[in-house]
Amino acid sequence: MAAEGGGKEMNEIKTQFTTREGLYKLLSHSEYSRPNRVPFNSQGSNPVRVSFVNVNDQSGNGDRLCFNVGRELYFYIYKGVRKAADLSKPIDKRIYKGTQPTCHDFNHLTATAESVSLLVGFSAGQVQLIDPIKKETSKLFNEERLIDKSRVTCVKWVPGSESLFLVAHSSGNMYLYNVEHTCGTTAPHYQLLKQGESFAVHTCKSKSTRNPLLKWTVGEGALNEFAFSPDGKFLACVSQDGFLRVFNFDSVELHGTMKSYFGGLLCVCWSPDGKYIVTGGEDDLVTVWSFVDCRVIARGHGHKSWVSVVAFDPYTTSVEESDPMEFSGSDEDFQDLHFGRDRANSTQSRLSKRNSTDSRPVSVTYRFGSVGQDTQLCLWDLTEDILFPHQPLSRARTHTNVMNATSPPAGSGGANPGSNGNSITTPGNSVPPPLPRSNSLPHSAVSNAGSKSSVMDGAIASGVSKFATLSLHDRKERHHEKDHKRNHSMGHISSKSSDKLNLVTKTKTDPAKTLGTPLCPRMEDVPLLEPLICKKIAHERLTVLIFLEDCIVTACQEGFICTWARPGKV
């Protein structure tokens, strides 16, 4: 599926690839790395990550890039497709002792040509606030590791805020900080604010305001990544227990959940209009989840190993006012349409317009990409026939392998027409019907907790094969009974660690109970996407994928940051 030809060709690294919009080319002179260009020996090291910021300076060369390699952190002017990278002049370079940078994020709101605020998370749990232009280190958070001793997995500024930021750790905890406040000299005392299925949120109890403002405990095992929705109101988290959990960030309510096919989920991203979430993880799949319907609408199979990053391409996500039967225009249209920054915004407004109309006068294609430990880049298109399966459109162009995507009553989870605004009120068509579909309603809040608690405790689908041999009838019966019993016994789960431990040992004995439910539909019950392209582009596992206006940026664990010019942008 993924490779053309065999033998030697399989291992050749690609320097260009073609999609319907044209030819993408690797610009070797635009490669960023450590100044000596020596491949980094990455055994046991934290993933290489890249952050961008635009400082809006007058020269028109406002892009800045930060990346970590091992113990080192670099800050460069990013020249992209325009000029060769000059590695001899990093604006800032730092080498850390005893701890390694793991992730970082710029505050886009406050960035200027004279000053930027960069948060850096570390392997020992600290978070540093630095200004690589002024070369200042202004603050260190969790310095004594009294708040959390585990590795920082993800750090992000809260959208629209100049001072609030959120930090996730491999402990499974997330903390909300304010840069203005101190972390105190003693370990924080917490008070329960809100509790739901597999999550609890505590406030920090102290006389004067101190960090952290909030502590979130989410799921079992490490919290691997989180992402804010485009409007900043919702937070999607993926965890080592295999669950995607989507919260309303301000009200701290659980909006919906999904379970991986098996293994942990490692990465997550939102579509530019906030209507879809894509995850990737240890099941080698990319999974597309509808935010409105709270259900899996497609899976993508192309990677041969764990998926490390997923990202939408807002510049190639196309919205066409057209007859729904038509495909989205010609290649030329694509080049005109989807590569301006203003275009990305107009795409967003057209997407919201497209989604607010019941008559569907526009057709939409979302483009997203993924990179993995198999050193491959995959690009995917999410088209009308997947988003609106009850429309009898031709499915040939997505190579989608669907059992019965046009006959919803047959009981296929992937085929239920719950995705068009006006039919959300018919949530009952998914396999198996007796299950309460509380998590498919648009506002499934914590009040539905009881009906879903049976499938929330980090099950692993290692027993899939044994389980799949049951007949559909048996399967429904067993699920329903179990649901019924568990709803009475464990509706409200205490967040005490001892209870959690008991709970986990109980659930591990029945590893496949989420499979075949709306949380984790069977493979044959949802459309299976194949990638548009799937190319080996590095020697080491890939850890970065970022879509910019005139290029795609990827990076691998050897510490090489690559720029791929978009068609016509060289």
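Per an unreviewed UniProt entry, the protein chain carries the name WD repeat-containing protein 20 and comes from Pelecanoides urinatrix. The Subunit (unreviewed entry) comment attached to the protein chain in UniProt states, word for word, "Interacts with USP12; promotes translocation of USP12/WDR20 to the plasma membrane. Component of the USP12/WDR20/WDR48 deubiquitinating complex. Interacts with USP46; contributes to the cytoplasmic localization of the USP46/WDR20 complex. Component of the USP12/DMWD/WDR48 deubiquitinating complex."

Novice: Give me the lowdown on the overall build of the protein chain, citing residues and values where you can.
Specialist: The helix and strand inventory of the protein chain stands at eight helices and 33 strands. For the protein chain, with 570 residues in total, the buried portion stands at 59%. Restricting the contact set of the protein chain to residue pairs at least 6 apart, pairs at least 24 apart contribute 59%. Accessible surface computed for the protein chain: about 22600 Å², of which carbon and sulfur atoms make up 51%.

Novice: Hey, could you go over the confidence of the model for the protein chain for me, with residue numbers and the actual values?
Specialist: Model confidence for the protein chain is summarised by a mean pLDDT of 78, while 69% of its residues fall at 70 or above. Confidence drops under pLDDT 50 across residues 322-344; counting only partners more than four residues distant or on other chains, this segment forms 49 contacts. In this model residues 391-511 is a low-confidence stretch, pLDDT under 50, and it forms 227 contacts with partners more than four residues away in sequence or in other chains.

Novice: Let's hear about the sheet that holds strand β9 (residues 127-131): which residues, and what values?
Specialist: If you walk across this open sheet you meet the four strands as β7-β8-β9-β10, and the pairing is antiparallel. Each edge of the sheet is formed by a strand with only one pairing partner; in this case those strands are β7 (101-106) and β10 (136-141). The average angle at which neighbouring strand axes cross in this sheet is 20°, direction not considered.

Novice: Describe the layout of surface pockets, with residues and values.
Specialist: There is about 400 Å³ of room inside the second largest pocket. Those elements giving two or more residues to the lining of the second largest pocket turn out to be β11 (152-157) and β31 (542-547). Of the residues belonging to the lining of the second largest pocket, the class tally is five nonpolar, seven polar and four charged.

Novice: Help me get a handle on the pattern of salt bridges, residues and values and all.
Specialist: Scanning all chains against the criterion turns up eleven salt bridges. For Arg94, the salt bridge goes to Asp92, with nearest N and O atoms at 2.9 Å. Accessibility expressed as a relative area gives 14% for Arg94, which makes it buried. Since its relative accessible area comes to 9%, Asp92 is described here as buried. Taking the shortest distance from any N to any O, the salt bridge between Asp313 and Arg566 comes out at 2.8 Å. You can see Asp313 sitting in the loop between β25 (307-312) and β26 (318-321) and its partner Arg566 sitting in the segment after β33 (561-565), a full 253 residues away along the chain.

Novice: Please set out unusual backbone geometry residue by residue, giving values where relevant.
Specialist: Following Asn211, the chain continues to Pro212 via a peptide bond in cis, the omega torsion being -5°. Despite not being glycine, Cys294 shows a phi value in the positive range, around 55°. When you line up the elements, Cys294 lands in the loop between β23 (285-290) and β24 (295-301). By relative accessible area, Cys294 is classed as buried at 1%.

Novice: Outline the pairing of strand β3 (residues 50-54), listing residues and values.
Specialist: Along β3, four of the five residues are buried, which leaves the element largely enclosed by surrounding structure. When β3 meets strand β4 (residues 63-69), the two strands line up antiparallel, connected through five bridges. Bridging from a neighbouring strand, Asn54 pairs with Asp63 of β4.

Novice: Could you give an account of the packing of aromatic side chains, with specific residues and numbers?
Specialist: Scanning the model with the defined rule gives 26 aromatic pairs in all. Measuring from centroid to centroid gives 6.1 Å for Phe226 and Phe228, while their planes differ by 85°, and the two rings are edge-to-face. Classification of Phe226 as buried rests on a relative accessible area of 0%. For Phe228, a relative accessible area of 11% gives the class buried.

Novice: Tell me about the sheet that holds β11, and please be specific about residues and values.
Specialist: Judged by pairing direction, the sheet is antiparallel, and its six strands sit side by side in the order β11-β12-β13-β16-β15-β14 without closing on themselves. Edge positions in the sheet fall to β11 and β14 (190-196), since each has one partner strand and no second. Recorded for the sheet is a direction-independent mean angle of 20° between the axes of neighbouring strands. The sheet contact formed by β11 and strand β12 (residues 164-169) spans five bridges and is antiparallel. Considered in β12, the bridge of Trp157 is made with Phe165.

Novice: Run through the side chain of Ser30, naming residues and quoting values.
Specialist: You can see Ser30 is positioned in the loop between β2 (22-26) and β3. Ser30 sits in the buried class, given a relative accessible area of 0%. For Ser30, the side chain forms a polar contact with the main-chain oxygen of Gly80, separated by 2.8 Å. Not counting residues up to four positions away in its chain, the partners in contact with Ser30 are Gly80, Lys83, Ala85, Ile561 and Thr563.

Novice: Could you give an account of the environment of Phe141, naming the residues involved and the relevant values?
Specialist: Looking at where Phe141 falls in the secondary structure, it is placed in strand β10. Spatially, the C-alpha atoms of Phe141 and Gln126 are 5.8 Å apart, while their sequence positions differ by 15 residues. The contact partners of Phe141, leaving out residues within four places of it in the chain, are Gln126, Val127, Leu129, Phe165, Tyr177, Asn178, Val179, His181, Cys183 and Asn211.

Rules used in this analysis
- Residues numbered from 1 in each chain as written.
- Predicted model: local features only at pLDDT ≥ 70, side-chain atom pairs only at ≥ 80, totals over all residues.
- Heavy atoms only, no water.
- UniProt positions renumbered as here; feature names shortened; annotations may be inferred.
- Helix = DSSP H or I, 4+ residues; strand = E, 2+ residues; numbered from the N terminus.
- Buried < 20%, exposed > 50% of the residue type's maximum accessible area, 1.4 Å probe, protein only.
- Contact = heavy atoms within 4.5 Å.
- Areas by Shrake-Rupley, 256 points an atom, 1.4 Å probe, with all protein chains shown as cover.
- pLDDT = per-residue confidence, 0-100.
- Pairing = 2+ DSSP bridges.
- Axes fitted to C-alpha atoms, helices over the stretch in contact; angles between N-to-C directions.
- 1 Å grid on protein atoms, 1.4 Å probe; cavity = no way out; pocket = protein on both sides within 12 Å on 5 of 7 lines; lining within 4 Å.
- Points joined across faces, edges and corners; volume = space filled by probe spheres on them.
- Nonpolar A, V, L, I, M, F, W, Y, C, P; charged D, E, K, R; others polar.
- Salt bridge = Lys/Arg side-chain N within 4 Å of Asp/Glu carboxyl O.
- Phe/Tyr/Trp six-rings, centres within 6.5 Å; stacked < 30°, edge-to-face > 60°.
- Polar contact = N/O pair within 3.5 Å; in protein donor to acceptor, adjacent residues only side chain to side chain.

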